[in-house]
Amino acid sequence: MKYREYKGISYAALADDILQYWKDNKIFEKSVDSREGNPSFTFFEGPPSANGTPGIHHVMARAVKDIFCRYKTLQGFQVKRKGGWDTHGLPVELQVEKELGITKEDIGTKISVEEYNRKCREAVMKFKDQWDDLTEKMGYWVDLDNPYITFERDYMESLWYLLKQLYDKGLLYKGYTIQPYSPAAGTGLSSHELNQPGCYRDVKDTSITAQFKVVRNERSEPLFANAQGDVFFIAWTTTPWTLPANNSLAVGKNINYVAVKSFNQYTFEPITVVLAKDRVSGYFNKKAEGIALSDYKPGDKLIPFEIAGEFRGSELVGLDYEQLMPYIPLEKPAFTVLEGDFVTTEDGTGIVHLAQTFGADDYRVSVKHHVPGVFVTDEEGNQAPIVNKQGRFVQEITDFAGMPVKNYAGEDESDAEYRSTDVKIAIKLKEENRAFKVEKYEHSYPHCWRTDMPILYYPLESWFIKTTAMKDRLVELNKTINWKPKSTGEGRFGNWLENLVDWNLSRSRYWGTPLPIWRSEDKKEEKCIGSVAELKAEVEKAIAAGFEQKPIDADFDLHRPFVDDVILVSDSGQPMRRESDLIDVWFDSGAMPYAQWHYPFENQDVFKNNFPADFIAEGVDQTRGWFFTLHAIAGLLFDNVAYKNVIANGLVLDKNGNKMSKRLGNAVDPFKTLAEYGPDATRWYMISNANPWDNLKFNIEGVQEVQRRFFGTLQNTYNFFALYANLDGFTFSEEEIPMAERTESDRWIISKLNSLVVEVERAYDEYEPTRAARAIMDFTTDDLSNWYVRLNRKRFWRGEYNADKQAAYQTLYTCLLTIAKLGSPIAPFYMDHLYRDLNGVSGKEEADSVHLGQFPVADEGRIDAQLEAKMDKAQLVSSLVHSLRKKDMLKVRQPLSRILIPILNPETREQIEAVEDLILSEVNIKAIEYIDDTSGILVKKIKPNFPRLGKQYGPKMKEISKAVAQFGQEDIAEIERQGQKTIELSDGQVILTREDVDITSEDIPGWSVASENGLTVALDVTLTDELRQEGIARDLVNRIQNLRKDMGLEVQDKIKIAVERGDELVEAALEANHDYICAETQALSLELQEEVADATELEMDELKLRVKISV
RNA sequence: GGGCUUGUAGCUCAGGUGGUUAGAGCGCUACACUGAUAAUGUAGAGGUCCGUGGUUCGAGUCCACGCAGGCCCA
């Protein structure tokens, strides 16, 4: 049996073949099944949504997932990977609406909810085929035959179960949150909707800086010292309509404030106002500086002002003020000054007006300080804000009752009589001496994408999961998770947990999992349904009570509108209707550990064995998405983490670092890339180029480079092996040659190989695939190909098939096979191909695929650090000699007599001596001479040992370093001889020992030398006749080899050589090196003739030679 | 505005715990090699280590403040 030999190789075609092989032989299935009974390694697939097409970044994300699943499989774990599809949510709805040319308003009129949801269900799998195709082609092994699908009834039933668990624990509640709300459309808006183009618009609004009158008491007394008139806090708002809802003010505790005596520009009354010191220039005209307060006359344009006092924000906290627009009285601690971390002095006054009901920050701070908000009681007896859902003031706001806070009534704004409600409020405040400044202000404000009307931030009822109740536990659990990179876990995710707010579950939509909560009309009774069976039972009760006609079907769909039609009966006999909300789709995906197995209704054992996950990986944008929802549900309901290790990978950008987008046309087509370069080079490039968590600038040239440099080199090395192994019939059938009987370079590459196994295993274990890939790559190109193979080429093609040759074959075979195993998680196709090409002949392993075998185990006994150090020296010396040859224009083919190496310690000499032969043949030199001190010709260099001396002498280093730099050869000799030397510093003596300095030899007078890393080499460039002849012989061999090749001769063909007499030197060279030439060129004879017919004229530097070779 | 993150050669990236000549690959230039050959080797040029301060005898590395890019969130 022969190793396959390749002329050209198409990596993409190769991958196709391997893919077919995997399919035909069910290799993936076997890789899982064959580990039955072994410990499991659990991986959770974060479900993609198949309503869009996959991009190149998915190749990246999935390569990361695949690598560790394959790696753990090789280590003997059973790694089940259930695929999944995320199917619910707004993007699907929007896509359907776009296709049908409808809007949300048309649902229920132009199209029924049932029909709409059917369209969504169809749309969601629109590109499933493309996804499956990509999965397959890129070699991502995941079970696509039995995926979990979030819209399936079993999946949704598990969600209901989990929701009920939360409900029963008191962790599911209905409350308020401040959300973008469109009164014109009568609906809340998601941030996604708000971010649609055109939603934020520059508008001119009436802004008011209002005066909040300070209550004079003991605490506020300092503000009144030196004041005139009433004292006010002034605060700025661009939404004056929120002022009747003001319930507190906020200041920054480290901001400096001043009290300023001045006059109100509308009423001309003397006043004292408090604002941030940095903002004074924004509110008072500099030109008025120096005008005395007493000179002010009502109506003056320039209003004088005078600083009356300065205060820290912290001194203002806790002071009381009078309600600005007292329509609704409030209990204390309303109308006091609070501290707010969001307060700045960028604009406004450095004092912020808060209205709990109309701002998210406002709400948060108010709740935190237990400040009551401004509410009224509506007809149903519930608390309601002072603006109703139509965007109009309620009756209680008497002066403005019924007025729309923005122009929702569609009044003609160009009418001279038109006054916006904001303006009306401003007028009222002006009249009351409560408006310090009113002006138009242009700013960017969000608008409803459907009605084009400005939105309000408005309190809306929502269902929440009380994640804050378990915050500390969630933080604690997070600390046990191994995050890659660490900073995402500690920073982005950790901070997010520290500042956790309750999880708003409600979505007012159609295509998603309905909230399984039914409520009576008076909202006093409710039931949370946790399973289909429970629903069935409740429906039976409802039938008995006469609210329902018939029991629900066995295949009852849990989606809208079907669940909406179900009326249940409360314990007291009231009808109950379902709360109309759907739940956040993030709950769908965060619940996948349970719902994918239809837990707890089925598969309880499977679940127990596969929770929590050992490993997950998704984009860093999932930090507050999937990573969080997994963590929250697991923490709240199972008091556990959902995953132990997580990689948060970065973005894939285009080669210029810009985000890829289909619109800009810089998106890379994954299918095209895979088809052109194959999956292996693509994956290897992505993994080796940057850590997964760093952004990747995807450059197709990088893929080409990986293909050429890594896969090309590896394949070349294999080809080389295959060529000669086939000639010699090496199939690794004989016993392994003991290491002791192998050559130094064999043992060296085996040592390096085992070091590599250790390094790669550690890298994979630490979820550092980039380190693994780079290590494999470096070993393959530098150590194996560029050093081991290059140095040992002759062993493969010269001489008979003996033990030494076997050793070489075995060594190279082992390296190649091990690379195949180590690299298989990253380049699954190519490495399997390589593995099967090798193992297919040797049959040494039983596995039919590299993915069914075992990960290599390092034999630490074969790691020889000494030997590796020696070889480092050989490479160093060779490189230095090459450098010298280059400098003197002496080509490697010209042998030289000797190199000199100054030796300052015996260890270096031993190391070099051990690899002397390698060096000599590599650089074509006859001998190495070691020069030690006794020669007396070395010029030495001395340098302080900084780390050592620095610790001891610290500040004296500068002086010491100066002193040492001035050492002459004598001084160096002294310290070497006596082991120490005393130097004089300005403030005393310092004794330097031999260890305190580094002594190197960097020069041999009269020689051309090269130095690196403390090693110096000098080259003897004297050319004797003998050397010159040998050089000629080598040149001739080279030319004859070329002729052989040109003639198309096979490696083993024998030839005869005839050379025409001419040059004496050449003749002498041929005679002296006759045997050498014949051996190298497989020549049976080498003859000098007076005249050679049909000869080829060879040019060798300045020589010309007529030669003929014949078979 | 906040949190996190990145910034080192033309490009892509390495640079434990601070230590005096800052590295690799690609690209470029030159040379060499020629039975691994549509390969390979060697050398050279190329650096304001984002900036400014600070700590230190000594900073690419530590600290502070900025600048620029990115992500997430307001």
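Residues numbered from 1 in each chain as written. Chains lettered and ligands numbered in written order. Predicted model: local features only at pLDDT ≥ 70, side-chain atom pairs only at ≥ 80, totals over all residues. Heavy atoms only, no water.

A. Quick peek at helix H20 (residues 626-638). In this model H20 runs 17 Å from its N-terminal to its C-terminal C-alpha over 13 residues, within 8% of the 18 Å that 1.5 Å per residue would give. When you tally the buried positions in H20, you get 12 out of 13 residues, the bulk of the element. Along H20, the positions that sit buried rather than exposed are Trp626, Phe627, Phe628, Thr629, Leu630, His631, Ala632, Ile633, Ala634, Gly635, Leu636 and Leu637. Just downstream of H20, Asp639 is the residue with a positive phi angle, here 45°. (Helix = DSSP H or I, 4+ residues; strand = E, 2+ residues; numbered from the N terminus. Expected span 1.5 Å × (residues − 1). Buried < 20%, exposed > 50% of the residue type's maximum accessible area, 1.4 Å probe, protein only.)

B. Structural context of the pattern of salt bridges. Within the structure shown, the criterion is met by 61 salt bridges. Here Lys23 and Glu136 are joined by a salt bridge, their closest N and O atoms 3.5 Å apart. Here Glu136 lies in helix H6 (residues 128-137) and Lys23 lies in helix H1 (residues 11-25), a separation of 113 residues in the sequence. Residue Lys23 is classed as partly exposed on the basis of its relative accessible area of 42%. A relative accessible area of 35% places Glu136 in the partly exposed class. With a closest N to O distance of 2.7 Å, Lys926 and Glu1030 form a salt bridge. (Salt bridge = Lys/Arg side-chain N within 4 Å of Asp/Glu carboxyl O.)

C. Looking closely at the nonpolar core. Core analysis: the biggest nonpolar cluster contains 133 residues, and Tyr3, Trp684, Phe721, Tyr764, Met831 and Ile901 have the highest contact counts within it. Looking at which element gives the most residues to this core, the answer is helix H24 (residues 769-797), with 12 residues. (Core = buried A, V, L, I, M, F, W, Y, C linked by side-chain atoms within 4.5 Å.)

D. Summary view of a negative patch on the surface. Together, Glu411, Asp412, Glu413, Asp415 and Glu417 give the surface a local cluster of negative charge. For Asp412, the position within the fold is in the loop between strand S14 (383-384) and helix H13 (421-431). (Patch = residues over 30% accessible without salt bridge, like charges linked within 9 Å, V, L, I, M, F, W, Y side chains within 5 Å. Areas by Shrake-Rupley, 256 points an atom, 1.4 Å probe, with all protein chains shown as cover. Lys, Arg positive; Asp, Glu negative; His and termini not counted. Charge placed at Lys NZ, Arg CZ, Asp CG, Glu CD.)

E. Spotlight on the packing of helix H22 (residues 700-728) against H24. As a packed pair, H22 and H24 sit with axes 10 Å apart at the nearest point and diverge in direction by 25°. Classified by the interaxial angle, the pair formed by H22 and H24 is roughly parallel. Like other packed secondary-structure pairs, H22 and H24 cross with a definite hand, here left-handed. In this structure, H22 contributes Arg709, Phe710, Thr713, Leu714, Thr717, Phe720, Tyr724 and Asp728 to the contact, and H24 contributes Ile776, Met777, Thr780, Thr781, Asp782, Leu784, Ser785, Val789, Arg793, Phe796 and Trp797. Of the residues that constitute the contact of H22 with H24, the class distribution is 10 nonpolar, five polar and four charged. (Axes fitted to C-alpha atoms, helices over the stretch in contact; angles between N-to-C directions. Parallel < 35°, antiparallel > 145°, perpendicular 65-115°, else oblique. Left-handed = near helix turned anticlockwise from the far one by under 90°. Contact = heavy atoms within 4.5 Å. Nonpolar A, V, L, I, M, F, W, Y, C, P; charged D, E, K, R; others polar.)

F. Representation of the sheet that holds strand S20 (residues 517-520). The antiparallel open sheet is built from four strands, whose spatial order is S21-S20-S23-S22. Strands at the two margins of the open sheet, each flanked by one partner only, are strand S21 (526-528) and strand S22 (568-569). Contacting S20 and S21, helix H7 (residues 153-168) crosses the sheet at an angle of about 130° to S21. (Pairing = 2+ DSSP bridges.)

G. Spatial organisation of the protein's contact with RNA strand B. The environment of RNA strand B is made up of 47 residues, and the closest members are Asn689, Asn786, Arg893, Phe946 and Arg1044. Taking the atoms of RNA strand B that fall within 4 Å of the protein, sugar and phosphate contribute 64% of them. Within the contact set of RNA strand B, a phosphate oxygen lies 3.3 Å away from a side-chain nitrogen or oxygen of Arg709. With respect to RNA strand B, the side chain of Arg793 contributes an N or O atom lying 3.1 Å from a phosphate oxygen. Those elements giving two or more residues to the surface near RNA strand B turn out to be helix H15 (486-498), H22, H24, helix H27 (865-888), helix H30 (946-953), helix H31 (957-965) and helix H33 (1025-1047). Here the surface near RNA strand B is composed, by residue class, of 13 nonpolar, 16 polar and 18 charged. (Near = heavy atom within 4 Å. Polar contact = N/O pair within 3.5 Å; in protein donor to acceptor, adjacent residues only side chain to side chain.)

H. Local environment of the packing of aromatic side chains. The final tally for this structure, using the stated rule, is 67 aromatic pairs. With centroids separated by 5.4 Å and ring planes inclined at 40°, the aromatic side chains of Phe730 and Phe732 adopt a geometry described as tilted. Accessibility expressed as a relative area gives 4% for Phe732, which makes it buried. Linked through ring pairs, Tyr3, Phe720, Phe721, Tyr724, Phe730, Phe732, Phe796, Tyr801, Tyr809 and Tyr813 together constitute an aromatic cluster. Here the guanidinium or amino end of Lys430 rests over the ring plane of Tyr266, the centre of that ring lying 4.7 Å away. (Phe/Tyr/Trp six-rings, centres within 6.5 Å; stacked < 30°, edge-to-face > 60°. Lys NZ or Arg CZ within 6 Å of the ring centre and 35° of its normal.)

I. Region of interest: unusual backbone geometry. A cis geometry characterises the amide bond from Arg560 onward to Pro561, with omega recorded as 5°. Tracing the sequence through the fold places Pro561 in the loop between helix H16 (532-545) and S22. Across the junction of Tyr599 and Pro600, the peptide omega takes the value -5°, indicating a cis bond. Examined against the element boundaries, Pro600 turns out to sit in the loop between helix H18 (592-595) and helix H19 (604-609). Even without being a glycine, Lys26 presents a positive backbone phi close to 50°. As for its position among the elements, Lys26 is in the loop between H1 and helix H2 (27-33). What makes Lys26 partly exposed here is its relative accessible area of 49%. Here His598, not a glycine, exhibits a phi torsion of approximately 55°, which is positive.

Remember, this is a structural readout, not a statement about activity or role.
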